[in-house]
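# Architecture and fold: a report
Below, each chain spelled out in residue letters.
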Amino acid sequence: AIAQLDDEHLIITTLGDGFLVYNIRSGKYKHISSKTNREITSDAFDKPFVDKKGNAWFINDQLGVWRYNHQQGLLRHYTIKIDERYRDLLDKNFFAFEDCNGRIWMNPQGGGFCCYDAVDDKLYSPLGGCTNMVHAACCSSEGSIWLGTYDLGLDRVDVRDEQFTRSMDIHPVKPHRMVTL
């Protein structure tokens with residue numbers, strides 16, 4: 001997969017040889033793999049997402065998510081506690097997006113829908129009862145996150161003004177409920 005990091009650089013993930021940071025103008029590249037970084041145990045990288053700050057987020061066969069900070073040349077691996085019962089159900093179900101406040105939300109390899117805390121440089125789950133059974137999510141322009149889950153139906157979560165409020169739960173068996181987190 002290929003994603004644009006900035007005006008001059010692409011990130012190119014491979015399914016067996018790590019990833020490349022390619023300079024469009026010069027044709028030169030930086031190759032990052034298990035041969036160049038001890039923390040990497042699998043060179044099968046996939047699904048890059050580039051945030052507004054130019055960080056590339058992607059997965060490999062390890063649980064969690066990777067962030068490559070192109071400006072600093074730093075690669076970091078993040079994990080979050082997940083429900084082990086469902087770990088293998090959502091194989092490579094990684095997705096990421098930024099909400100209206102610039103927060104990065106994602107579902108890392110193995111699950112565990114979460115948010116990135118840039119101040120503490122970690123992943124966290126502000127939604128409390130959210131499981132790793134999220135299979136799709138998106139952010140609306142008015143500040144709601146819509147979550148499609150395997151176990152709880154459809155959820156709408158309000159994320160405006162640093163408030164995380166679950167405002168809707170549509171499930172074929174459960175009645176509608178409203179929970180403030």
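Use the structure listed above.
Let me sum up the structure you'll find in this document. (Residues numbered from 1 in each chain as written. Predicted model: local features only at pLDDT ≥ 70, side-chain atom pairs only at ≥ 80, totals over all residues. Heavy atoms only, no water.)

## Let's talk about the sheet that holds strand β11 (residues 114–117)
Note on sheets: strands pair through backbone hydrogen bonds, and any given pair is parallel or antiparallel. Taken in spatial order, the 4 strands make up an open sheet running β9-β10-β11-β12, and their pairing is antiparallel. Where the open sheet ends on each side, the last strands, each with one partner, are β9 (95–98) and β12 (122–124). Between one strand axis and the next, the sheet turns through 30° on average, direction left out of account. (Pairing = 2+ DSSP bridges. Helix = DSSP H or I, 4+ residues; strand = E, 2+ residues; numbered from the N terminus. Axes fitted to C-alpha atoms, helices over the stretch in contact; angles between N-to-C directions.)

## A few points about the pattern of salt bridges
Throughout the structure, instances matching the rule amount to 4 salt bridges. Among the ionic pairs, R25 bridges to E8, the shortest N-O distance being 3.4 Å. In this pair, R25 is assigned in the loop between β3 (19–23) and β4 (29–32) and E8 in the loop between β1 (2–4) and β2 (9–13), connecting sequence segments 17 residues apart. In this structure, R76 engages D121 in a salt bridge whose closest nitrogen and oxygen atoms are separated by 2.4 Å. Of this pair, R76 sits in strand β8 (residues 74–78) while D121 sits in the loop between β11 and β12, placing them 45 residues apart in sequence. A residue is classified by how much of its surface remains accessible, and R76, at 35% relative accessible area, is partly exposed. Counted as one network, the salt bridges with shared partners bring together R67, R76 and D121. (Salt bridge = Lys/Arg side-chain N within 4 Å of Asp/Glu carboxyl O. Buried < 20%, exposed > 50% of the residue type's maximum accessible area, 1.4 Å probe, protein only.)

Nothing here speaks to function; it is all geometry.
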